[in-house]
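What the coordinates show
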Amino acid sequence: MTTPTLMPYDEALARFEPVLGIETHIELGTYSKMFCGCATSFGAEPNTQVCPVCLGLPGSLPVTNHAAIEGIIKIGLALNCSIVEWCRFARKNYFYPDMPKDYQISQYDEPLCVDGYLEVEVDGAVYRVEIERVHMEEDTGKSLHVGGATGRIQGADHSLVDYNRAGIPLVEIVTKPIPATGDKAPLVARAYATELRELVRSLGVSDVRMEEGSMRCDVNVSLMPRGASEWGTRTETKNVNSLRSVERSVRSEIERQAGVLDAGGRIVQETRHFHEDTGRTTSGRSKEEAQDYRYFPEPDLVPMAPSREWVEELRGSLPELPAARRRRVQGEWGLSDLELRDVVNAGAVELIEATIAAGTDAGSARKWWMNELSRRATEQGTELAELPITPEQVARIQAMVQAGELNDKLARQVFEGVLAGEGTPDAVVAARGLKVVSDDGELVSIIDGVIADNAAVADKIRAGKVAAAGALVGAVMKATRGQADAGRARELILERLGAS
Ligand SMILES: [Zn+2]
């Protein structure tokens, strides 16, 4: 098969309308698995968190994890879904080495949560993503293919299976088709995944770490010619594991499918894999012949019938959700839409809130996180929240600035020290000897030296050209290695030169 030519993105969008669909799997952060008492810690020695139930040994019987059901109902409610009064688990029968029972307990035509929506914002426009269903299932084990170059099964000389993940509670969230996003389709897909992650994180039911696989997106894309009413054939790109890849995979599929259609080809309904390195998808397994999973109601489990009282109790227990929180902080902190978006995109809302709670004013808290610390996070290629500094430490540094013990320049050195692991802000100040020179006597002797060294400038100031004082302030700051209070130095310079 020849590689089809990609169509440039703008041309593809001029000729075709994309339709999206996103299926997201989220592992719940329960202490035990969905149907047994095994632990769920990430990164444990392979096959140490297993038992007869999650290994599917004959005669073992599953028992539903109450905390997991509570978690999925909270997700359903936060996504504006209806919680059904009665539903069942179903067996999805298939053979795969990482599925030790040869079936997965899932839900089929009776999902627990239905008909919700999530609103997302892209470039000032709001898109309402309709949610078709949220259902409960169990995760599979994990295969490791050894000996090949790519880590895929092709070329490997043997494979290992780790069943620690088998049976971890997994929530699947399926959108309805998302039409009419036009050239914003990749951004809408990313915004949806971002908003969903924030929402689930705020509920405290999962750590939603895409890099560890506790949140994984399958992204469906199809194209139809502009003006057409019938949707095209869709492809499904599996297990996209970063927000950026969600965006890139949609863009890549639009360019690829447009190229195929332009050349008179047809889109094959299949699963595809996204490759981070090339930014492209490649063909996986064909789905043209719908697999027959022989679903049937799980005979070993009783139906789920969450009482209305319980559902309402859970609704009442939901925390402030991200969208409401954003509206609140925007008002409280007095941010423009653009400023709010920057803060949200930087993942700084909670950090700034915690810094304010530790005693800092909103403006200063935002300044440190959005300028100094964002810059350092970017330099280190990490997230703001991953920096080794706490909101309380930021508040402590700002308190020292407020008290006149540090100026901004010295404060930046304290940030540097804390981030380098030199200890608390106070420890860094002590160890590095960082203190504003506020003793006038000491400052005056430095200023007199600077005036003597810059006689020409001093004469201008004496003659009334006050603006020239900046050069002398700069020289004082240099002489004190930044430890002088620049405002006080300026006052003293003008005083000494009789210009104040
Ligand atoms: Zn188990």
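Residues numbered from 1 in each chain as written. Predicted model: local features only at pLDDT ≥ 70, side-chain atom pairs only at ≥ 80, totals over all residues. Heavy atoms only, no water.

Side note on the overall build of the chain
On a plain count of helices and strands, the chain comes out with 16 helices and 14 strands. A compact globule built from 500 residues should have a C-alpha radius of gyration of about 23 Å, whereas the chain, at 30 Å, is more than 25% larger. Residues counted as buried form 47% of the 500 residues belonging to the chain. Long-range contacts, defined as pairs at least 24 residues apart, comprise 68% of the intrachain contacts of the chain with a sequence gap of at least 6. Of the roughly 24,300 Å² of accessible surface on the chain, a fraction of 50% belongs to carbon and sulfur atoms. Side chains of the chain give 56 positive and 75 negative charges; the mean places of these two sets differ by 3 Å. (Helix = DSSP H or I, 4+ residues; strand = E, 2+ residues; numbered from the N terminus. Rg over C-alpha atoms; globule rule 2.2 N^0.38 Å. Buried < 20%, exposed > 50% of the residue type's maximum accessible area, 1.4 Å probe, protein only. Contact = heavy atoms within 4.5 Å. Areas by Shrake-Rupley, 256 points an atom, 1.4 Å probe, with all protein chains shown as cover. Lys, Arg positive; Asp, Glu negative; His and termini not counted. Charge placed at Lys NZ, Arg CZ, Asp CG, Glu CD.)

Here we look at the pattern of salt bridges
Once their charged atoms are close, side chains differing in charge can pair, the charge on each being opposite to the other. Under the defined criterion, the tally for this structure stands at 45 salt bridges. Ionic pairing is found between Glu 17 and Arg 226, a salt bridge with its closest N-O pair at 2.8 Å. Here the residue Glu 17 occupies a position in strand β1 (residues 16-27), and Arg 226 occupies one in the loop between β10 (215-225) and β11 (235-240), the gap between them amounting to 209 residues. For Arg 251, the salt bridge goes to Glu 255, with nearest N and O atoms at 4.0 Å. Of the two residues, Arg 251 and Glu 255 both sit in helix α4 (residues 243-262), 4 residues apart, roughly one turn of that helix. (Salt bridge = Lys/Arg side-chain N within 4 Å of Asp/Glu carboxyl O.)

Points about the sheet that holds strand β3 (residues 90-93)
The sheet built from 3 strands is open, its strands ordered β4-β3-β14 with antiparallel pairing. Lying at the two open borders of the sheet, with one neighbouring strand each, are β4 (103-106) and β14 (296-297). The sheet contact formed by β3 and β4 spans 4 bridges and is antiparallel. Its bridge partner lying in β4, Arg 91 is registered against Ile 105. (Pairing = 2+ DSSP bridges.)

Here's the deal with the domain arrangement of the chain
When the domains of the chain are assigned, the result is domain 1 (9-311), domain 2 (321-407) and domain 3 (440-496). Measuring from the centre of the C-alpha atoms in domain 1 to the corresponding centre in domain 3 gives 65 Å. (Domains from an automatic or database assignment.)

Some remarks on the coordination of the zinc ion
Summarising the metal site, the zinc ion is bound by the protein donors Cys 36 (SG), Cys 38 (SG), Cys 51 (SG) and Cys 54 (SG), whose distances to it range over 2.3 to 2.4 Å. Of note is the zinc ion, whose 4 donor atoms meet at the metal with angles of 99 to 116° in an arrangement that counts as tetrahedral. Along the chain, the residues donating to the zinc ion fall in the pattern C-x1-C-x12-C-x2-C. Taken together, the residues span a long stretch of sequence, with Cys 38 in the loop between β1 and α2 (66-78) and Cys 51 in the loop between β1 and α2 at a distance of 13 residues. The exposure classification of Cys 38 matches that of Cys 51, with both residues buried. (Donors = N, O, S within 2.8 Å, 3.2 Å for Na, K, Ca; no water. Tetrahedral: all angles 85-135°; square planar, octahedral: opposite > 155°, others 65-115°.)

Notes on the pairing of strand β5 (residues 113-122)
Where strand β2 (residues 82-83) and β5 come together, 2 bridges link them in antiparallel fashion. Looking at the pairing, Ser 82 lines up with Val 114 of β5. Relative to strand β6 (residues 125-138), β5 runs antiparallel, the two sharing 9 bridges. By the bridge assignment for β6, Tyr 117 is matched with Glu 130. A loop of 2 residues connects β5 with β6, the two strands running antiparallel in sequence, and Asp 123 in this loop sits at a positive phi of about 45°.

As for the nonpolar core
Core analysis: the largest hydrophobic core is formed by 75 residues, its most contacted members being Ile 75, Leu 112, Val 134 and Ile 173. If you tally residues by element for this core, the top one is helix α3 (residues 185-203), at 10 residues. In this structure, Ile 75 is in contact with Leu 28, Val 134, Val 171, Ile 173, Val 200, Leu 203 and Val 205, ignoring residues within four places of it in sequence. Counting 33 residues, the second largest nonpolar core, distinct from the first, contains Trp 368, Met 370, Leu 406 and Val 428. (Core = buried A, V, L, I, M, F, W, Y, C linked by side-chain atoms within 4.5 Å.)

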